[in-house]
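Chains, contacts and geometry: an overview
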Amino acid sequence: MTRINDDAPQAIQLPLGSGHMLLVMHAGRALHPSEGLLTLRGFLREAGDGNRRWLSAAQVADGRWGLLVVDSDGCHWRMPPRWDNAFNPTEDLMRFREQGRWGCCDPHGRISIAPCYAAMRPFAGGRAAVRTGEDEDGEQWHWIDAQGRRVGDAVFAQLYCLDRRGFARAACRAQAGRFGFVDGEGHWRIASRFQRVHPFGPGDTAPATEDGERWGLIDRQGAWVLPPCHRHIAAFNDDGLAHFCPQGSPWDIRYGYVDARGEVAIPPEQHISEDMA
């Protein structure tokens, strides 16, 4: 799948009574299925199709989800609305929830992984984190591959997606849910010693805190690049900057941005937003 480009369909929201309806604008036409569109996940161009067909998970007015196709013939359903929830494909696998359980199908609607999981994160690096249940020690997460086979024996209190270097945030059930990083086999790459940690950014450092009060930046060996010194550091954005709040008086809270080395890129002020235009 390829993300949208300038020729991709665009959604326009129209007021409708106390709610709204979505129209899909494409090639000078306003399109909508007879069921009425409530939500679109965003159009992806179908690979190998000469840029002529776009797909999106879509929700209709009664709350059901399906897979919508927009092409030269208009818009139509590849998978008619029947799911409780659905997301766009990642690595050619589309997550859907049916009768409260998550599974996957391919972009043609063929079931790849039967819906049997309590929760499922997107596929990345050939792995998806799935939750099978919970017990007195907390939630139970583990890896599966694209065929739905379990990978490794490790079970985690939380497990997130692999990044481009094969690191995933995970929380250890045996250590009161403290966070570290694991690989796609479930082996710890950085020990679970953090109360909270954000994903690695473009500069290969990650915001982390051991005590929940002071944040710093770690590298992929778990060493401090910036020792804990700030009240908070948010996840890095695509520009390689992280919104941060320095230590100081609780009545004088200011925000700025740091780079991957922890150096201040934008000095803290009282009204600097976490969202960069």
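Okay, so let's go over this structure. Just so we're clear, the structure is a prediction, and the values are computed from it rather than from any experiment. (Residues numbered from 1 in each chain as written. Predicted model: local features only at pLDDT ≥ 70, side-chain atom pairs only at ≥ 80, totals over all residues. Heavy atoms only, no water.)

Once that is clear, we can look at the pattern of salt bridges. Overall, the coordinates contain 20 salt bridges when judged by the stated rule. R165 is the partner of D204 in a salt bridge, and the nearest nitrogen-oxygen pair spans 2.7 Å. Of this pair, D204 sits in the loop between β22 (196-197) and β23 (206-209) while R165 sits in the loop between β18 (158-159) and β19 (168-171), placing them 39 residues apart in sequence. Taking relative accessible area as the criterion, R165 reaches 45% and is therefore assigned partly exposed. Each of D163, R164, R165, D204 and R220 takes part in salt bridges that share partners, so that together they form one network. (Salt bridge = Lys/Arg side-chain N within 4 Å of Asp/Glu carboxyl O. Helix = DSSP H or I, 4+ residues; strand = E, 2+ residues; numbered from the N terminus. Buried < 20%, exposed > 50% of the residue type's maximum accessible area, 1.4 Å probe, protein only.)

Another point: unusual backbone geometry. Even without glycine at this site, A27 takes up a positive phi of about 50°. By the element assignment, A27 lies in the loop between β3 (19-26) and β4 (29-31). By relative accessible area, which is 66% here, A27 ends up exposed. Residues other than glycine seldom take positive phi values, yet Q99 does so here, at roughly 55°. Looking at the element boundaries, Q99 is found in the loop between β11 (94-98) and β12 (101-105).

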